[in-house]
Structure formats: structure tokens, C-alpha cells
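Each chain is listed here by its residues.
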Amino acid sequence: MEEAMSSEQSAQNELVGGLAISQLVGEEDHDRDRGGAEETGLKRRLWVETKKLWHLVGPTILSRICAATLAVVTQAFAGHLGDVELASISIVNTTGMSSALDTLCGQAFGAKRYHMLGIHLQRSCIVLFLCCCLLLPIYIFTTPILKLLGQPHDVAVQSGLVAVWSIPQHMSFAFVLPAFKFLQAQLKPWVFAWVSMGTLGVHVAISWLFMYKFRLGVVGIAVAMDLSWWIMVGGMFGYVLCGGCPETWTGFSVKAFSGLWDFFKLSAASGVMICPDDWTFKELHISFGCPTGVGIWGGMIFGTAAQTTILAIITILCDWEKEAQKAVLRVKRLSSPNPDDDHLMAEN
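Residues numbered from 1 in each chain as written. Predicted model: local features only at pLDDT ≥ 70, side-chain atom pairs only at ≥ 80, totals over all residues. Heavy atoms only, no water.

Comment text from UniProt for the chain, heading Sequence similarities (unreviewed entry), reads "Belongs to the multi antimicrobial extrusion (MATE) (TC 2.A.66.1) family." (UniProt positions renumbered as here; feature names shortened; annotations may be inferred.)

As C-alpha cells, then:
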């Protein structure tokens, strides 16, 4: 009888042990399944976020490449004419514009004040157009300016000719940048991408036609750039004016003429941020043409170091809490239910 009881107890212990092992195995399988599900969920979220990111930055990268290729194609055609023509195109074709439109449009779009995007677009075009007009003397007097900077006579004269014929391209910058920022704030960079790709194809055809068929030389290349940039302006504004942005474009408004000085101050601050880097490359273009251009790379290294040092000092001394409060105030004003409170959200 004792042996029977012992064998029965052993069987019960084996059963309990088996149940415990099964429970442990089940918990391990459950943990493994949960870990696999979490890993799968992370991969799925990563894929979704990556698609969203590329949906935004992909067209932007493509449009930037197409816009830069316009200048490359122009310089390639100029290189077939001669070294002087290539130098003149390289010197003149290094301009751009900047404004605070991306910040203001982003805040207005985030605050669902969609009609303000159109007003900011018009303000930006007005301010940048006036700035382009102020810069016209540089284009008109390019030849004496370059001679004063030490450029050879033939390069200075040819650059002055190209600069005068490039004035229409210069004026187009007042509209290209605002239109791009306006569309980008609404998550529509693909419009600019398609327009840029179409413009690039047209630019290659026009440049070949003016250079090899009409024999217009460097003037033809400059005119081709003028036409290409204005085609880009027409494509983007055609999309906006023809109903592509019904919520953000409600037509021309006199409100665009209010707050221009505040908008100019914000745009000037934005321009100052990009000018040191841009001027470095312009100085490089000009210095390479000077017979006494000694220490170019040393100057670039020193300039970059000085720019980095100044930026670090400004970053350290800036009161970021105060800047954050200003941003919050602008967003609150944009979110105000009063549609008449549409003045520029700028803090001195």
C-alpha cells in the first residue's frame, strides 16, 4: 500500500511539474509573440513615417536639383563659347533671395488661418520686388564694380553685358521663392517639382536653339535663363490662381500692403542668416578671376571659422525662452477667431 501511495504521489508531482513547465513555456511564447508584435508595429510605424517624410522632402529635393541644373546647363553652354563667357556667366549667375515667408506661412497653416497664407504671399512678393529694384544698380554698373575689384577688362565687360540681360531673371526671384514657400507650407512641394522638371526640359531646348540656331552667343544664354525662370513663375502662380489652393488663396487683398515694414525686418533677418555663406562663394568666383587672388582658400577657411564663431556666440547669448514666448504669441494671434486681426505677427 505504501508503494502504491508513493507511486501515486510521484505521478501527481510529475503532473504538477508538467503543468508548471507548460505554463512557463506558454508565458515565454506569449512574451515572444508580444515582442514580435511590438517589433512588427515599430517597423510598420517607421515605414509609414518614412513614406510621409519622403512625400514631403522627395519633391523638394527634386525641385532643388532641377533649379540647380538650370545653372549647370547654362554654364555648360557658355563653356562652348569660351573662357571669358563662362567666367561672366559664373559671376552673374550667383544670386538669390530670402524671406521669412516659410515661418509665417507655417504658423498660419498650423493655426488653420488659411486665408492668411495668401496675404503673406502677396506681402512677400511686394517686399522682395522692392528689394530687387534696390539691387538693380549692381546689375547696371557690374562692369565698373568688377574692374574696381580687380577683374580683367574683358571679363568685366562681358559680365556687365550678361548682368544687364539677366535683370529679368533677377526680378523673377521676387516671385519664385514666395510661391515655393507658399506651396511648401501646404504640403504641396510636388507642384514646384513638376514645374521645375518641365522648365528644365524647356530650358535645354531654348538654350540650344538660341546658341546653335540663332547664334545669339552669351546674350542668348542669358535670355534663355530669363525665359526659363519666368516660365517657372507662370507655372506656380497659374496653379495657385486657377484654383489649386482654394482655401489659402482667396484673391488679391489690400491687407497685403499693411505691415510691410515688419515683414521686411523679418525677411532681412532671414537674409542675414544665409548671406555669409552665399557671399563666400561669390567672393570665390570673383577672386579666381583676379590676377592677384592670393590666399583664396585661406580666406575661405578664416571666413567660415569667423561665421561659425559668431553663430555660436549669438546662440549662447540669445534668450531662447523669450523667443519661444514670441512664437507662442504669434501662434495665438493667428488662432484668434477675429478675422479682422490679420496684421503681421511680428515682435520687435
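Moving on, there is more to tell.
Here we take up the overall build of the chain. Scanning the chain from terminus to terminus reveals 13 helices and 0 strands. Its helices and strands taken in sequence order, the chain reads α-α-α-α-α-α-α-α-α-α-α-α-α from the N to the C terminus. Looking at the chain residue by residue over its 348 residues, the buried ones come to 37%. Taking the intrachain contacts of the chain between residues at least 6 apart in sequence as the baseline, contacts between residues at least 24 apart amount to 80%. Element-wise, carbon and sulfur atoms account for 69% of the exposed surface of the chain, whose accessible area totals about 20300 Å². (Helix = DSSP H or I, 4+ residues; strand = E, 2+ residues; numbered from the N terminus. Buried < 20%, exposed > 50% of the residue type's maximum accessible area, 1.4 Å probe, protein only. Contact = heavy atoms within 4.5 Å. Areas by Shrake-Rupley, 256 points an atom, 1.4 Å probe, with all protein chains shown as cover.)

Bringing the packing of helix α2 (residues 83-92) against helix α7 (residues 153-165) into the picture now. The contact between α2 and α7 brings their axes to 8 Å, and the two run at 55 degrees. Classed by the angle they form, the pair α2 and α7 counts as oblique. For the pair α2 and α7, the sense of crossing is right-handed. Residues Val84, Glu85, Ala87, Ser88, Ile89, Ile91 and Val92 of α2 lie in contact with α7, whose contacting residues are Asp154, Val155, Gln158, Ser159, Val162 and Ala163. Taken together, the residues that form the contact of α2 with α7 break down as 8 nonpolar, 3 polar and 2 charged. (Axes fitted to C-alpha atoms, helices over the stretch in contact; angles between N-to-C directions. Parallel < 35°, antiparallel > 145°, perpendicular 65-115°, else oblique. Left-handed = near helix turned anticlockwise from the far one by under 90°. Nonpolar A, V, L, I, M, F, W, Y, C, P; charged D, E, K, R; others polar.)

On to the environment of Asp102, then. Secondary-structure assignment places Asp102 in helix α3 (residues 101-110). Note: C-alpha distance between Asp102 and Leu121 (19 residues apart in sequence) is 9.8 Å.

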